[in-house]
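Results of the structural survey
The residues making up each chain are set out below.
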There are 2 protein chains.
Amino acid sequence: MSKIFIGVDLGATYIKVGCFDSNLKLLAKTSAPTQAEKEPDVIIDNIARVVVQCVTKADFSMTNVPAIGLGCPGPAKYKKGIIEAAPNLPTLNNVPIRQILSDRLGAKTIVFENDANVACLGEFTAGAGKGVEDMVFFTLGTGIGSGIIINGKLLTGPAGNAAELGHTIIYPNGRLCTCGQKGCAEAYASAANTAKRATDAIEAGEKTSLKKTLVEKGRITCKDVYDHSKAGDELAKKITDETAETLAILCVNVLHTTEPRLIVFAGGMIAAGDILLSRIKYFFDKHIWNLKEESVKICFAALGEDAGIIGAAALAKANFK
Amino acid sequence: MSKIFIGVDLGATYIKVGCFDSNLKLLAKTSAPTQAEKEPDVIIDNIARVVVQCVTKADFSMTNVPAIGLGCPGPAKYKKGIIEAAPNLPTLNNVPIRQILSDRLGAKTIVFENDANVACLGEFTAGAGKGVEDMVFFTLGTGIGSGIIINGKLLTGPAGNAAELGHTIIYPNGRLCTCGQKGCAEAYASAANTAKRATDAIEAGEKTSLKKTLVEKGRITCKDVYDHSKAGDELAKKITDETAETLAILCVNVLHTTEPRLIVFAGGMIAAGDILLSRIKYFFDKHIWNLKEESVKICFAALGEDAGIIGAAALAKANFK
């Protein structure tokens, strides 16, 4: 009987599901709103329904599915299959989601992993990291998620909470992060915090073309900041450069930690394009040591929003083996 | 025939050699000055001589030695067995030390590794890290060396230059490090730079009991700073607290990277005792997130100066297997 592998990317807004053959070729994709505000039962039923829809869409049945990969926001008790403190899925915290979902789907093997780790594995398996053995992955959205591949394997840590690089401290005693620390990379350089720093600067009275946007729309997005930066606004340029510099220092620090050959940036913010990537590279060159030449490649992700479902399916397949 | 394993710790001042049985029990120890200012041939002859002396002292012959572990300062081309840019062993840079030493000793297998990695492996195998699977090791001397154990294995990185944590940037655009970067942990919190920051403060006119020491001895050591801190000098307390805070932030950052269960500090500076360890723990608690409780243990090394030779012998043994 043909084996197919399911990858589930559980986000605060959408549940995305992909159905893959044993070579991780995509057979079908489905998605549905998460309804994160609802009770755990509703959310888990949503996941189960979208999984079954996806398998049906691919012209298979659940008996063809030996394992399902599930990417979720952390921190979590990964070995126990329980989300611990995900701010955007509050009702699911401390619910044994892996067990309940497995029961709903007929006692399937479910491999549970951090969403950024899963996306990292997706890019490693089928995207920008193909052929690389040591890479680091960052996804720039509301927060900064990350994943680390060492010698061809995902680094999870003994309790599954390794690779929380967005919460490494870059500016001691700096901006307060949602995690409670001060000066985290995430507090400066996520998409949301890039927009937030611009908003804060306007409220502090700085002159910028973004002010009109704030007044008209009531809020500023990261895209607004990059658009105004490209149009030449000085404050927007300063804010986007601070984001790039923070990310570059993150790259320097992780290079000196796990020695990746490749650093991949993903997430909504990479839509900014070269103004982001070229400045990260510029600040990396500015901050990196001169003891020896470094050849690490810094690039954007290749898979877009599919990285999560591909990585989750790859995890399911690896676990089934 | 009994197998014995040799561990060599090549420092800028001394060559230390240990001879171990197959359970890594120490049979004999020898050492000699490195003569780092001499030509490579002289230094390598010194190493070979001390190795043979050690084997003889243990009542064995070189035919009992299947492999030798050699810990050297980096950066290096570890796979090629060549030190690349060690500031304190200038004549050895770009010399194929592993090959030459192997030839001198009768074509022995020599496993070549970074000195801090080797000391980390020593503490992991037989010291503070016994029974732990995931640890991080820092040695506080002239610089800050470090090593990372993940899932029971030393993390070397694809070219052997992982775990250069002393050169992660904690204070962007801060003090200039010998590596060329600004704001490295090492530029603040090594033993040498703790002393240097005190000296700089005195030269900038700050009031302190250390000034008398500087005038009388012509220089200040890290031990002086800790002694004056213990005696209540305000500047010395500020300097030692800055060192502890920097090391604590390093701990936070590496916890969020590889998720160690244990962080071990070694090197001359740990002679400062509780004034160092308790303040590192204090600042760790101050800087760590509140998303979830962390149970990482922070402690001092257990093996003292023997960590290097034990780790090098462990490496030789692992490689021989």
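Reading guide: rules and limits
Residues numbered from 1 in each chain as written. Chains lettered and ligands numbered in written order. Predicted model: local features only at pLDDT ≥ 70, side-chain atom pairs only at ≥ 80, totals over all residues. Heavy atoms only, no water. Helix = DSSP H or I, 4+ residues; strand = E, 2+ residues; numbered from the N terminus. Phe/Tyr/Trp six-rings, centres within 6.5 Å; stacked < 30°, edge-to-face > 60°. Buried < 20%, exposed > 50% of the residue type's maximum accessible area, 1.4 Å probe, protein only. Lys NZ or Arg CZ within 6 Å of the ring centre and 35° of its normal. Pairing = 2+ DSSP bridges. Least-squares fit on C-alpha atoms with pLDDT ≥ 70 in both. Contact = heavy atoms within 4.5 Å. Polar contact = N/O pair within 3.5 Å; in protein donor to acceptor, adjacent residues only side chain to side chain. Axes fitted to C-alpha atoms, helices over the stretch in contact; angles between N-to-C directions. pLDDT = per-residue confidence, 0-100. Disulfide = S-S within 2.5 Å. Buried area = accessible area lost by both parts, 1.4 Å probe.

This paragraph deals with the environment of Phe20(B). You can see Phe20(B) is positioned in strand β2 (residues 14-20). With 15 residues separating them along the chain, Phe20(B) and Phe5(B) place their C-alpha atoms 5.1 Å apart.

What follows is about the packing of aromatic side chains. All names here are of chain A. In total, this model carries 10 aromatic pairs over all chains according to the counting rule given. Their ring planes at 80° and their centres at 5.0 Å tell us that Tyr 282 and Phe 283 sit as a pair that is edge-to-face. Here Phe 283 falls in the buried class, since its relative accessible area comes to 6%. The ring of Tyr 282 has Arg 279 lying over it, and the distance from NZ or CZ to the ring centre is 4.3 Å.

Moving on, we get to the pairing of strand β8 (residues 135-140) of chain A. Residues and elements named next belong to chain A. The element β8 is largely enclosed, with a buried count of five among its six residues. The pairing of β8 with strand β9 (residues 144-150) spans six bridges and is antiparallel. When the sheet's bridge partners are listed, Phe 138 is paired in β9 with Ser 146. Between β8 and β9, which follow one another and run antiparallel, lie three residues. Pairing analysis gives five bridges linking β8 to strand β11 (residues 262-266), with the strands arranged parallel. Within the sheet, the bridge partner assigned to Val 136 lies in β11 and is Ile 263.

Note: a rotation about an axis with an accompanying shift along it relates these two copies of the chain. For these two chains of identical sequence, chain B goes onto chain A by a turn of 180° and a shift of 0.0 Å along the axis, with RMSD 0.0 Å. Both copies of the chain, as the preceding transformation shows, are related through a two-fold rotation axis. Closest to the rotation axis within chain B is the C-alpha of Ile170(B), separated from it by 2.9 Å. Mapped onto chain A, 100% of the interface residues of chain B are again interface residues, and the two copies thus contact each other with one and the same surface.

A few words now on the environment of Asp21(B). All names here are of chain B. Tracing the chain through its elements places Asp 21 in the loop between β2 and β3 (26-33). On the basis of relative accessible area, Asp 21 is assigned to the buried category, the value being 18%. Along the backbone, Asp 21 and Thr 178 are 157 residues apart, and their C-alpha atoms lie at a distance of 39 Å. In this view, Asp 21 contacts Lys 3, Phe 5 and Leu 27; residues no more than four positions away in its chain are not counted.

Residue and element names in this part refer to chain A. Along the chain, the position of Asn 46 falls in helix α1 (residues 40-57). Asn 46 gets classed as buried once you look at its relative accessible area, which sits at 3%. Within the structure, the side chain of Asn 46 is placed 2.9 Å from the side chain of Gln 35, a separation counted as a polar contact.

Residues and elements named next belong to chain A. Taken together, five strands build an open sheet; the order of strands is β10-β9-β8-β11-β12 and the sheet is mixed. In this open sheet, the two strands that pair with only one neighbour each are β10 (153-154) and β12 (297-300). Taken together, the two bridges between β9 and β10 define a ladder with antiparallel strand orientation. Paired with Ile 150 across the two strands is Lys 153, which belongs to β10. Set on the sheet, helix α9 (residues 274-287) makes contact with β8, β11 and β12; between it and β12 the angle comes to about 160°.

Turning next to the sheet that holds β2(B). All names here are of chain B. Ordered in space as β3-β2-β1-β4-β7, the five strands form an open sheet in which the pairing is mixed. If you trace the sheet from one side to the other, it starts and ends with β3 and β7 (109-114), each paired once. On average, each strand axis in the sheet is inclined to that of its neighbour by 15°, with strand direction left out of account. Lying over the sheet, helix α2 (residues 97-104) contacts β1 (5-10), β4 (67-72) and β7, oriented at roughly 145° with respect to β7.

Low-confidence regions, as indicated by low pLDDT, have predicted coordinates that should not be scrutinised in detail. Summarising the model, chain A shows a mean pLDDT of 95, and 100% of its residues fall at 70 or more. As scored by the predictor, the complex reaches a pTM of 0.95 and an ipTM of 0.94.

Omega for the peptide link from Gly74(A) to Pro75(A) comes to -5°, which places this bond in the cis form. Mapped onto the elements of the fold, Pro75(A) is located in the loop between β4 (67-72) and β5 (76-77). Residues other than glycine seldom take positive phi values, yet Asn173(A) does so here, at roughly 60°. Relative to the helices and strands, Asn173(A) is located in the loop between β10 and α4 (186-189). The phi dihedral of Asp59(B) falls on the positive side, at around 70°, and the residue is not glycine. Assignment of secondary structure puts Asp59(B) in the loop between α1 (40-57) and β4. The class of Asp59(B) is exposed, set by a relative accessible area of 71%.

We now examine the state of the cysteines. Residues and elements named next belong to chain A. Throughout the structure, instances matching the rule amount to zero disulfides over all chains. This cysteine, Cys 222, is not joined by any disulfide, and Cys 177 carries the nearest cysteine sulfur, 16 Å off. We classify Cys 222 as buried; its relative accessible area is 9%.

Here we come to the interface of chain B and chain A. Every contact between the two is made by 43 residues of chain B and, on the other side, 43 residues of chain A. Carbon and sulfur atoms supply 62% of the area that chain B and chain A bury against each other, a total of about 3700 Å² over both sides. Contact with chain A buries area across many residues of chain B, yet Pro158(B), Thr257(B) and Glu259(B) alone supply 16% of it, more than any other trio. On the surface where chain B and chain A come into contact, there are 20 residue pairs in polar contact (both at pLDDT 80 or more). Listing elements by their share of the side of chain B that touches chain A, those giving two or more residues are β9 (144-150), α8 (234-258) and α9 (274-287) of chain B. Sort the elements by how many residues they give to the side of chain B that touches chain A and α8(B) lands first, with seven residues.

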